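Fold and contact review
Residues per chain, in single letters:
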Amino acid sequence: ANPSLLILPGDGIGPEVMAEVERVIAWFGDKRDLSFDVETDLVGGAAYDAHGTPLHDDTMAKAHAADAVLLGAVGGPAYDDLDFSVKPERGLLRLRKEMDLFSNLRPAQCFDALADFSSLKRDIVSGLDIMIVRELTSGSYFGEPRGIFEEDGQRVGINTQRYTEAEIDRVARSAFELAMRRNKRVCSMEKANVMESGILWREVVTKVHAEYPEVGLSHMYADNGAMQLVRAPKQFDVILTDNLFGDILSDCAAMLTGSLGMLPSASLGAIGENGRPKALYEPVHGSAPDITGQSKANPIACILSFAMALRYSFDQGAEAARLEAAVEKVLADGARTGDLMGPDGGTPISTIQMGDVILA
Ligand code: NAI
Ligand code: MG
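Conventions used here
In this convention, every chain numbers its residues from 1, walking through the sequence in written order. In the order they appear in the text, chains get letters beginning with A and ligands get numbers beginning with 1. Totals for whole chains, interfaces and linings use every residue, but because this is a predicted model, local features are given only for residues with pLDDT of at least 70 and side-chain atom pairs only at 80 or more, for both listing and counting. UniProt positions are given in the numbering used here, feature names are shortened, and annotations may be inferred rather than shown by experiment. A pair of residues counts as a contact when their C-beta atoms, built from backbone coordinates, are separated by no more than 7 Å. Whether a residue is buried, exposed or partly exposed is read from the other C-beta atoms within 10 Å of its own C-beta, which are placed from the backbone; 20 or more gives buried, 12 or fewer gives exposed, and intermediate counts give partly exposed. A set of buried Ala, Val, Leu, Ile, Met, Phe, Trp, Tyr and Cys residues, joined through C-beta atoms within 7 Å, is what we mean by a nonpolar core. Secondary structure counts use DSSP, requiring at least four H or I residues in a row for a helix and at least two E residues in a row for a strand, with both numbered from the N terminus. Throughout, the edges of the domains are those of an automatic or database domain assignment. Between any two strands, at least two bridges found by DSSP are needed for them to pair. Lines fitted to the C-alpha atoms define the axes, with helices restricted to the stretch that makes contact. Angles between their N-to-C directions range from 0 to 180 degrees.

UniProt marks Tyr141 and Lys191 with the feature "site: Important for catalysis" (unreviewed entry), using the numbering shown here. Excluding its chain neighbours within four sequence positions, the residues that come into contact with Tyr141 are Asn243 and Leu244. With 19 C-beta atoms counted inside 10 Å, the residue Lys191 sits in the partly exposed group. Setting aside its immediate chain neighbours within four residues, Lys191 contacts Gly198, Tyr221 and Ala222.

A few words now on the nonpolar core. One broad rule of soluble globular proteins: the nonpolar side chains tend to lie buried together. Val69, Leu70, Val133, Ala175, Ile239, Ile303 and Phe306 are the most contacted members of the largest nonpolar core, which totals 101 residues. Per-element accounting of this core gives the leading share, 11 residues, to helix H10 (residues 300-312). In terms of domain composition, this core takes at least three residues from each of domain 1 (1-109 + 259-360) and domain 2 (129-255). Look past the residues within four positions of Leu70 in its chain and what remains in contact with it is Leu5, Ile7, Val21, Tyr281, Ser305, Phe306 and Ala309.

Spatial strand order, S2-S1-S3-S12-S11-S4-S5-S10-S8-S9: 10 strands in an open sheet with mixed pairing. Both edges of this open sheet fall to strand S2 (37-40) and strand S9 (216-221), since each of them pairs with a single strand only. Looking at each pair of strands side by side, their axes are set apart by 20 degrees on average, direction ignored. Pairing of strand S8 (residues 185-190) with strand S10 (residues 238-241), which is carried by four bridges, proceeds in the parallel orientation. Bridging from a neighbouring strand, Cys187 pairs with Ile239 of S10. Relative to strand S5 (residues 129-135), helix H6 (residues 165-181) is tilted by about 165 degrees, and along the sheet it contacts strand S4 (103-109), S5, S8, S10 and strand S11 (264-271).

Laid out in structure tokens, this is it:
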């Protein structure tokens, strides 16, 4: 049987960029004898419009059953005033939570052709290829107690940075596994100098590392990590960090590479009965209401998310590299959607034209 993919285009530019991915998927079936059983469903505002919920239970069940889920983007101004419980983002949060996707992979890769788009000097970023592994389901965004409480006649806002050994262990393992497929180097970032959770983090990561003797492990305080990311990002390969630091460090790393329209991501969970991790692949960008319906969106982030699926869910690293090389080539040849143009930069091509040249 073919591996199965659940495609959730979502809202705004989601369906526009996903249409190009669907052409790429069809190409792999035709030309590379690599076919997928694809099912498409609704998420976010589109699901709310149809069912009154941003993620129908049937869709959730399909996500559990699929070998991988590919998502476009959710949200948009039409849904801004909805009740919190049915907001489009809740559909995405439910997928992440119920699939228990604890390991968020955010590559920051700088194609040479786009190095001048970086916030940094070309030399510092050109050829950059790092991967941030962010813990996604625990830490300060979830720890209890949390809330705004009354204390000594004033209010106090509380979040709790809380990590169990098991939570650190499983995300550390995913980072070391990843490092084995890359350049065998992991830098773990926390604040063991001032945080108890950081002390435990460093201890557990070190313990898991003993099972991966081929991988080089270093530790860095996360504040220094932020500084090093903008000073000399190429010193890193895989960066392993928690939810809060990972949120900040991955946004910082994103800007090393230029446009939001270029950035893919993967969120992985435990290995299932099919021998594959639970997995959701999506571009980092949102639904871009300002350019929706104009074929201006850059489909590359979504296409590179599918390349990550090829590599991490389907063990097709060579085919993933083929797709990434096509992206690199069209950029080197000068193909540019609007988001990849400077102020004085010629006529952009459309979403569909970008799909055309990548396929060609
Ligand atoms: P956004 O990422 O949608 O857009 C930010 C800016 O980047 C806009 O100017 C947009 O035109 C541009 N942009 C984004 N993706 C692009 C692409 N592929 N090609 C060319 N240009 C692109 O973030 P924003 O504006 O803050 O949020 C818009 C909506 O998207 C909101 O409803 C928000 O909640 C939602 N959102 C959803 C996310 C998701 O589905 N994972 C993530 C972030 C935001
Ligand atoms: Mg963020």
